[in-house]
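# Fold and contact review
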Amino acid sequence: MATAKDRIKVLVGMATCGQAAGGVKVYPEVERQLKELGIEADLNAVGCIGCCSLEPLMDIVMPGRTRVTYKQVDAEKVGKILQKHIKEGEIDKKSVLAQMHTNGKDENPYEGVPFFDEIPFFAKQRKIVLKRCGYIDPKSFDDYIAMDGYKAVTKVLKEMTQQQVIDEVTKSGLRGRGGAGFPTGMKWSFASKSPGPQKYFICNADEGDPGAFMDRSVLEGDPHAVLEGMIIGGYAIGANTGYIYCRAEYPLAIEQLLVAIDDANKHGYLGKNILGSGFDYQLIIKEGAGAFVCGEETALMASIEGFRGMPRSRPPFPAIKGLFGKPTNINNVETLANIGHIILMGGAKYAEIGTEKTKGTKVFAVTGKIKNPGLIEVPAGIQLREVLIDICGGSDRKNVQIKATQLGGPSGGCIPFEHAETAIDYESLIQAGAIMGSGGVVVMDEMNCMVDVARYFLNFTAEESCGKCTPCRVGTKVMLDILERICRGEGEMEDIQKLEDLGNDIKAASLCALGQTAPNPVLSTIRYYRHEYEQHIKDKFCAATVCVPLLKFEVREDVCTKCGLCKKPCPTDALVWEKKQTARINHATCTKCRACIEACPFRAIK
Amino acid sequence: MCANKATTLENEIDLGKTEKILEKYQTIKGALIPILQKVQDEYGYVPEEAAYLVADRLGIYPSQIFGVLTFYTQFHLKPRGKYIMKVCCGTACHVKGAPGILDRLQATLNVQAGETTADNIFTVERVNCIGACSLAPIIVVNKDAHAKVVSDDVANIVNDLKAREA
Ligand SMILES: Cc1cc2nc3c(=O)[nH]c(=O)nc-3n(C[C@H](O)[C@H](O)[C@H](O)COP(=O)(O)O)c2cc1C
Ligand code: FES
């Protein structure tokens, strides 16, 4: 019988991003074409390798050859690529992205096709957490096992005491990836010392920061890695039940988790007396119901218990009194996905990566106005500039410069591009006025208004405030009102001071970190972009052409190149343009939708 | 064209479906939210009668149930359209032009976010990130995501769906 190694393999990227980009159409087309071409091959759906903007991705592996990835594959290209690659042994050079190393041994590469580590997007990355994402079939238990899967659990349960596990994690220097950066080993140690026969271990998969999707990618692409982290953590603190609280907006992640938990149970890595160690452990998935504040640990626990997800004051900390009143440990998805690797490579080795205070790698979701958006994993301490320019290729528009990056979402802040030499570690980012947060990096260019961005975040936090404490409930609303006024051109100069004072009060007086950090996006934009606030207030001018009440909807004749790109998007034909003529806007029918402004590559409309 | 569809909408709520869900989950610790989620899956929203039945069976006050239902944005107390048009308003989508997309969709369907068209076909909603931020801006129609949407695409998406209904 032919072994898996002798078979042809075709793999299609079917994570949420891959599906949205068109993977849902590519997959059945591959299936159809393989049949039509009479090719016998294994077809699998895989997760995301990070360069989501090049999706849909399709990989082909011929027996004994390297694995080759094709980019931006659509239903029309499928047949041609398969025919050429499989039948004729040739690479479709136009569609090929790169080939993967096959662990060094007699690799038989294709000539003229770059290896992944030769492409700028991947060259500076260091993949630990994302190592298996997009490589293995997340639904295949065998795939996971073939890449060191459950080796760490086996080692822990057969060779290590609970204290040894905690010591190893402590030695690694791993800090929580959910936002606060608390040392994971120390957290486990508190929970393990807390007395009581019943303890819980929670995985926080709520991923509330809009613009961050690393947890989704890990859950969809490598779900067993998260389970492995939870089993090891549960053993270390003495829990017998684990909960995964996953955001409802991630149906595919939940589906992959259900399959993984089922498989882990079948193979004896969950359930009673795991690997004969006497350790019993079960995992339960809880689906969130759409509330940002439920990412906060005490609110999350209230939500699992079936209540409104409102935070409570700490202490008592979850390690003493958590879920259902019992000692509980809670960690983020990415934190947990690191654990298995730390156990296998050793804490000391892991600690060699990164900086003095931020160890290991960090995954970032780089999005917004950037040429190559996606998910990247880099050693901590790398400069922001390396991420933005070297890895992600800089601005996505030729004539528009990057202005700033926003890190840490609604709790974070903006770093101007002039400060792009900032090192990405917990401490340097705080000094620069942002935070590491969960790793969302939203890139903004000259066509993004910083006052509008501040307004956007305050609108978010004001909507998501649970309402329990007054500073957050009322304070964010008052700040939002002021920001909306400024964006309408009705601001006053005192407003800036008012925003700063209010912001500082809300930070000092709120019950949970949602309120304590909500003013950050405003304070950081005032710190670096005070002039934009002043322009809105004094000159009634929005240089980024975002705040509609401040725009004139006029064409700058000196800038217009008469190209006509602005004409088609106009829904009311208010934009008048003839060949070789400067465009003009008819104010009687213009609905001020900004479609022309977005379409103009030269920023000729103000 | 859609007249029969509108009239076949259940006016009578079949509470038997809620009973079945309760049978299965009633005894599990902290089951309230999963029960309400299953109820919503079944009816497309959480009918008031079903909420009262759940309160009765779990032995908790209806006020606690409605407290939960109104706290979480996922729950809906009114029937929604056949096509749920979710415009992502997450940060990445916002900086890539989601506000313009939402405006255009609202204008095209003549409803505001959170509302359903009179023929019960379309509901417009805002959502905070579905995790496909690299392909921003995003619109999700029921389960199908449309990536890198420009405002021009909005009319096409809507017209395609309308053609399916015709
Ligand atoms: C408003 C708010 C939202 C949060 N959202 C998340 C989240 O979506 N995911 C997450 O892992 N942590 C989130 N956190 C942090 C958690 O409270 C907690 O610190 C974290 O899950 C601990 O895991 P870690 O130590 O592994 O980082 C949030 C905190 C606050 C205050
Ligand atoms: S911000 Fe829209 S998908 Fe993430």
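Residues numbered from 1 in each chain as written. Chains lettered and ligands numbered in written order. Predicted model: local features only at pLDDT ≥ 70, side-chain atom pairs only at ≥ 80, totals over all residues. Heavy atoms only, no water.

## A closer look at the pattern of salt bridges
Enumeration according to the criterion identifies 37 salt bridges over all chains in this entry. One salt bridge in this structure joins Asp396 of chain A and Lys96 of chain B, with 3.0 Å as the shortest N-O distance. Of the two residues, Asp396 of chain A sits in the loop between α14 (384-391) and β12 (402-407) while Lys96 of chain B sits in the loop between α6 (91-95) and α7 (98-109), which places them in two different chains. With a relative accessible area of 29%, Asp396 of chain A lands in the partly exposed category. Look at Lys96 of chain B and you get partly exposed, because its relative accessible area is 26%. Here Lys477 of chain A and Asp481 of chain A are joined by a salt bridge, their closest N and O atoms 3.0 Å apart. Here the residue Lys477 of chain A and the residue Asp481 of chain A both occupy positions in helix α17 (residues 470-487), the gap between them amounting to four residues, near one helical turn. When its relative accessible area of 40% is taken as the criterion, Lys477 of chain A is described as partly exposed. Given the relative accessible area of 33%, Asp481 of chain A is considered partly exposed. A network of salt bridges, in which partner residues are shared, links Arg7, Glu40 and Asp42 of chain A. (Salt bridge = Lys/Arg side-chain N within 4 Å of Asp/Glu carboxyl O. Helix = DSSP H or I, 4+ residues; strand = E, 2+ residues; numbered from the N terminus. Buried < 20%, exposed > 50% of the residue type's maximum accessible area, 1.4 Å probe, protein only.)

## Digging into unusual backbone geometry
The amide bond that connects Glu55 of chain A to the next residue, Pro56 of chain A, takes the cis arrangement and shows omega of -5°. In this structure, Pro56 of chain A sits in the loop between β2 (41-46) and β3 (58-61). Along the chain, Ala136 of chain B connects to Pro137 of chain B via a cis peptide bond; the corresponding omega equals -10°. Of note, Pro137 of chain B is situated in the loop between β2 (122-127) and β3 (139-141). With a phi angle near 55°, Arg603 of chain A is a residue other than glycine that sits in the positive phi range. Looking at the element boundaries, Arg603 of chain A is found in the segment after α21 (595-599). Positive phi, normally seen in glycine, also occurs at Asn120 of chain B, with a value near 60°. Tracing the chain through its elements places Asn120 of chain B in the loop between α7 and β2. You can call Asn120 of chain B partly exposed: its relative accessible area is 27%.

## A closer look at the domain arrangement of chain A
Note: interface size is frequently given as the accessible area lost on complex formation between the parts. The domain architecture assigned to chain A consists of domain 1 (4-122), domain 2 (141-350), domain 3 (361-445), domain 4 (450-539) and domain 5 (552-606). Domain 1 of chain A and domain 4 of chain A are separated by 48 Å when their C-alpha centres are compared. (Domains from an automatic or database assignment.)

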